[in-house]
Amino acid sequence: MKELNHIHQLFLESTGICTDTRKLEKRNIYIALKGENFNGNNFALKALKNGASHVIVDDDITPTPEESRIIKVKNTLSTLQNLAAYHRKYLNIPIISITGSNGKTTTKELINVVLTEKYKTVCTQGNLNNHIGVPLTLLAMNKQTELGVVEMGANHQGEIKKLCEIAQPDYGYITNFGKAHLEGFGGFEGVIKGKSELYQYLIKHQKTIFINADDEIQVEKSKGCEIVSFSEGKHASQQITFLKADPFVKISTEDNEINSQLIGTYNAKNIAAAICIGKHFHVSSEAIKNAIEEYTPNNNRSQIITKNTNNIILDAYNANPTSMKAALENLEKLEAEQKMVILGDMFEVGDTSAQEHQEVINELEKLNFKNMYVCGKAFYHCNTKKTRKFEDFNALKTQLETENFENTTILIKGSRGMALERIVGIL
């Protein structure tokens, strides 16, 4: 504890933490992390030369010209995590944690833009939501920060529990329980157990849980804790009415009608969560409306791109069986002259991969879309009747370059590793 207190004091005097010398700023503290293919200790002297105030390492560094600026610890990752937890206690501000199978990044960003209307907030940048990203988010907070919004990602049981021990949240929300990271969690029941670790932490520490009261699993898993809820039909703290999504989501509350720039009926719940949490923290209805209506998605998440006479729905950041089904259902409801679907493989589905990909094909072929394409080794081995399948991106690219599409609404969705955003330049 004495060493941690010393490191924390040095941190308060620094300009922040850095774990990548390519992004180092003057007077940063550089923490040398290790991975399968890299060893940050090898860059410690470079960090000192480039202006780091101190470096934290877990290997011997030679030569050591300035030993007073080199702090050797047993494990640098543990030190990063312990420092973040120590800093979180030092700040003693409310922390809201978000997890879930789908929509957690969008929900986190919506909550943050709403809360920023009244408070000085710090939230997870991008998807830095793992055992390194969560500590870095906490260490980005300072005495001026009034609220923290921390996204937590996981693909194995026990990970959310560990992140909760670091972030020590006062509030939490699980967007949903879906078929994501089935391989790591060991099936859908494993997903529920793993994501529920957030609620278990909050119940144990007598904190507050935000829930979608229309989600029976959330209701069940939040029993025994103070809850703040939203619902479209049931009694709840906040009533939300979904109006339409053609293509943008429009919802109403008791005193507001909100026209978002988000597509997909599935985003109605993400917006509702932000409204519910904003109201709980006494953000005005007008401010909530303005924040949500001004928010635009990025990073290949449900973006609408107009290209010539076509409207492209680019949702190429991530994909799993639950989000695939939701995206197809949403496209079916849209009013459009012609509709087209391009899907890429879903990763981390585990032993049920063949079954899950075939079920997506079965759902797709029930729908009356003009053109249907799938790409990737998993989809390629599925049985198809109306859907054209391609083993890899290059085969799909060759086909698309021979075709001409006009007045078409095109859904592009696949896992990040498929990089289907490359299609936009082809269409």
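Residues numbered from 1 in each chain as written. Predicted model: local features only at pLDDT ≥ 70, side-chain atom pairs only at ≥ 80, totals over all residues. Heavy atoms only, no water.

Going by what an unreviewed UniProt entry lists, the protein is known as UDP-N-acetylmuramoyl-tripeptide--D-alanyl-D-alanine ligase and is assigned to Mesonia aestuariivivens.

Participant: What's the story with the overall build of the protein in this structure? I'm lost.
Facilitator: The helix and strand inventory of the protein stands at 16 helices and 20 strands. Its C-alpha radius of gyration of 23 Å places the protein within 12% of the 22 Å reference for a compact globule of 427 residues. Projected onto the principal axes, the alpha-carbon positions of the protein cover approximately 70 × 50 × 40 Å. Restricting the contact set of the protein to residue pairs at least 6 apart, pairs at least 24 apart contribute 60%. When the accessible surface of the protein is split by element, carbon and sulfur atoms take 46% of a total near 19,700 Å². Computing the positive centroid from 49 side-chain charges and the negative centroid from 51, the protein places the two 3 Å apart. (Helix = DSSP H or I, 4+ residues; strand = E, 2+ residues; numbered from the N terminus. Rg over C-alpha atoms; globule rule 2.2 N^0.38 Å. Contact = heavy atoms within 4.5 Å. Areas by Shrake-Rupley, 256 points an atom, 1.4 Å probe, with all protein chains shown as cover. Lys, Arg positive; Asp, Glu negative; His and termini not counted. Charge placed at Lys NZ, Arg CZ, Asp CG, Glu CD.)

Participant: Looking at this structure, I do not really get the UniProt feature "domain: Mur ligase C-terminal" (unreviewed entry) in the protein. What am I missing?
Facilitator: Per the UniProt annotation, the sites labelled "domain: Mur ligase C-terminal" (unreviewed entry) are residues 301–415. Taken end to end, residues 301–415 is 33% helix and 28% strand, and its two terminal C-alpha atoms sit 11 Å from one another. (UniProt positions renumbered as here; feature names shortened; annotations may be inferred.)

Participant: I tried to follow the packing of aromatic side chains on my own but got confused; where do I start?
Facilitator: Two measures describe an aromatic ring pair: the distance that separates the ring centres and the angle between the ring planes. Across all of its chains, the model carries five aromatic pairs by this definition. Taking 6.4 Å as the distance between ring centres and 85° as the angle between the ring planes, the aromatic pair formed by Tyr 119 and Phe 281 counts as edge-to-face. Highlighted residues: Tyr 119 in the loop between helix H4 (104–115) and strand S6 (121–123) and Phe 281 in the loop between helix H11 (267–280) and helix H12 (285–294), separated in sequence by 162 residues. For the pair Tyr 119 and Phe 281, one class covers both residues: buried. Between the aromatic rings of Tyr 171 and Phe 281, the centroid separation amounts to 5.0 Å while the plane-to-plane angle is 65°, which identifies the pairing as edge-to-face. Of the two residues, Tyr 171 is situated in strand S8 (residues 171–174) and Phe 281 in the loop between H11 and H12; the sequence distance between them amounts to 110 residues. Each member of the pair, Tyr 171 as well as Phe 281, is classed as buried. Put simply, the rings of Tyr 119, Tyr 171, Phe 210 and Phe 281 pair up and form one aromatic cluster. The side chain of Lys 389 reaches across the aromatic face of Tyr 380, ending 5.8 Å from its centre. (Phe/Tyr/Trp six-rings, centres within 6.5 Å; stacked < 30°, edge-to-face > 60°. Buried < 20%, exposed > 50% of the residue type's maximum accessible area, 1.4 Å probe, protein only. Lys NZ or Arg CZ within 6 Å of the ring centre and 35° of its normal.)

Participant: Sorry if this is basic, but what is going on with the packing of H11 against H12 here?
Facilitator: The description of two helices packed together rests on the angle between their axes and the distance between the axes. Two numbers describe how H11 lies on H12: the axes approach to 10 Å, and their chain directions differ by 150°. H12 is crossed by H11, and the crossing has right-handed handedness. Facing H11, whose interface residues are Ile 271, Ile 275, Gly 278 and Lys 279, H12 presents Ser 285, Ile 288 and Ile 292. Class assignment of the residues belonging to the contact of H11 with H12 gives a composition of four nonpolar, two polar and one charged. (Axes fitted to C-alpha atoms, helices over the stretch in contact; angles between N-to-C directions. Left-handed = near helix turned anticlockwise from the far one by under 90°. Nonpolar A, V, L, I, M, F, W, Y, C, P; charged D, E, K, R; others polar.)

Participant: Whenever I open this one, the pairing of strand S10 (residues 226–231) confuses me. Can you help?
Facilitator: For a regular strand, the rule is simple: side chains alternate between the two faces of the sheet. Note: strand S9 (residues 208–212) against S10, five bridges, orientation parallel. Among the inter-strand pairings, Ile 209 is bridged to a residue of S10, identified as Ile 227. Between S9 and its parallel partner S10, the chain crosses via helix H10 (residues 216–221), and the hand of that crossover is right-handed. Pairing geometry for S10 and strand S11 (residues 238–239), over two bridges, is parallel. Directly across from Ser 231, in S11, lies its bridge partner Gln 239. (Pairing = 2+ DSSP bridges. Right-handed = clockwise from strand over helix to strand, strands pointing away.)

Participant: Could you clarify how one ought to interpret the side chain of Asn 310 in this entry?
Facilitator: Among the secondary structure elements, Asn 310 is positioned in strand S16 (residues 310–315). On the basis of relative accessibility, which here comes to 4%, the residue Asn 310 falls in the buried class. At a separation of 2.9 Å, a polar atom in the side chain of Asn 310 contacts the main-chain carbonyl oxygen of Phe 405. In this structure the side chain of Asn 310 is engaged in a polar contact, spanning 3.2 Å, whose partner is the backbone nitrogen of Asn 407. Asn 310 has contacts with Ile 305, Phe 405, Glu 406, Asn 407, Thr 408 and Ile 410, leaving out every residue within four places of it along the chain. (Polar contact = N/O pair within 3.5 Å; in protein donor to acceptor, adjacent residues only side chain to side chain.)

Participant: Help me understand the environment of Lys 370, please; the structure alone is not making it clear to me.
Facilitator: Tracing the backbone shows Lys 370 in the loop between helix H14 (353–365) and strand S18 (371–375). Sequence separation of Lys 370 and Gln 338 is 32 residues, and the distance between their C-alpha atoms is 6.4 Å. Excluding anything up to four places from it in sequence, Lys 370 contacts Gln 338 and Lys 339.

Participant: Looking at this structure, I do not really get the pattern of salt bridges. What am I missing?
Facilitator: Any two side chains of opposite charge can pair if their charged atoms end up close together. This model, assessed by the stated rule, comprises 18 salt bridges. We note a salt bridge from Lys 72 to Asp 60, for which the minimum N-O separation is 2.6 Å. With Lys 72 in strand S4 (residues 70–72) and Asp 60 in the loop between strand S3 (54–57) and S4, the pair connects residues that are 12 residues apart, well separated along the chain. Since its relative accessible area comes to 61%, Asp 60 is described here as exposed. Three or more residues joined by partner-sharing salt bridges are found here, namely Lys 34, Asp 58 and Asp 59. (Salt bridge = Lys/Arg side-chain N within 4 Å of Asp/Glu carboxyl O.)

Participant: What's the story with the environment of Arg 422 in this structure? I'm lost.
Facilitator: Relative to the helices and strands, Arg 422 is located in the segment after strand S20 (408–413). Given the relative accessible area of 42%, Arg 422 is considered partly exposed. In this structure the C-alpha to C-alpha distance between Arg 422 and Lys 397, which are 25 residues apart in sequence, comes to 9.0 Å.

Participant: Looking at this structure, how should I read helix H13 (residues 321–333)?
Facilitator: One full turn of an α-helix is made of 3.6 residues, so residues set three or four places apart face in the same direction. The first and last C-alpha atoms of H13 sit 19 Å apart over 13 residues, in line with the 18 Å expected at 1.5 Å per residue. In this structure, the buried side of H13 is in contact with strand S12 (241–245), S16, strand S17 (338–344), H14, helix H15 (377–380) and S20. The distance from a side-chain oxygen at the start of H13 to the backbone nitrogen of Thr 322 is 3.1 Å, and the residue carrying that oxygen is Asn 320. (Expected span 1.5 Å × (residues − 1).)

Participant: How should the sheet that holds S17 be read in this particular structure?
Facilitator: Hydrogen bonds along the backbone pair up the strands of a sheet, which may run parallel or antiparallel. If you walk across this open sheet you meet the six strands as S15-S16-S20-S17-S18-S19, and the pairing is mixed. Every interior strand has two partners, whereas the edge strands, strand S15 (303–307) and strand S19 (388–390), have only one. On average, each strand axis in the sheet is inclined to that of its neighbour by 20°, with strand direction left out of account. Pairing analysis gives six bridges linking S17 to S20, with the strands arranged parallel. Note that in S20 the partner of Gln 338 across the bridge is Thr 408.

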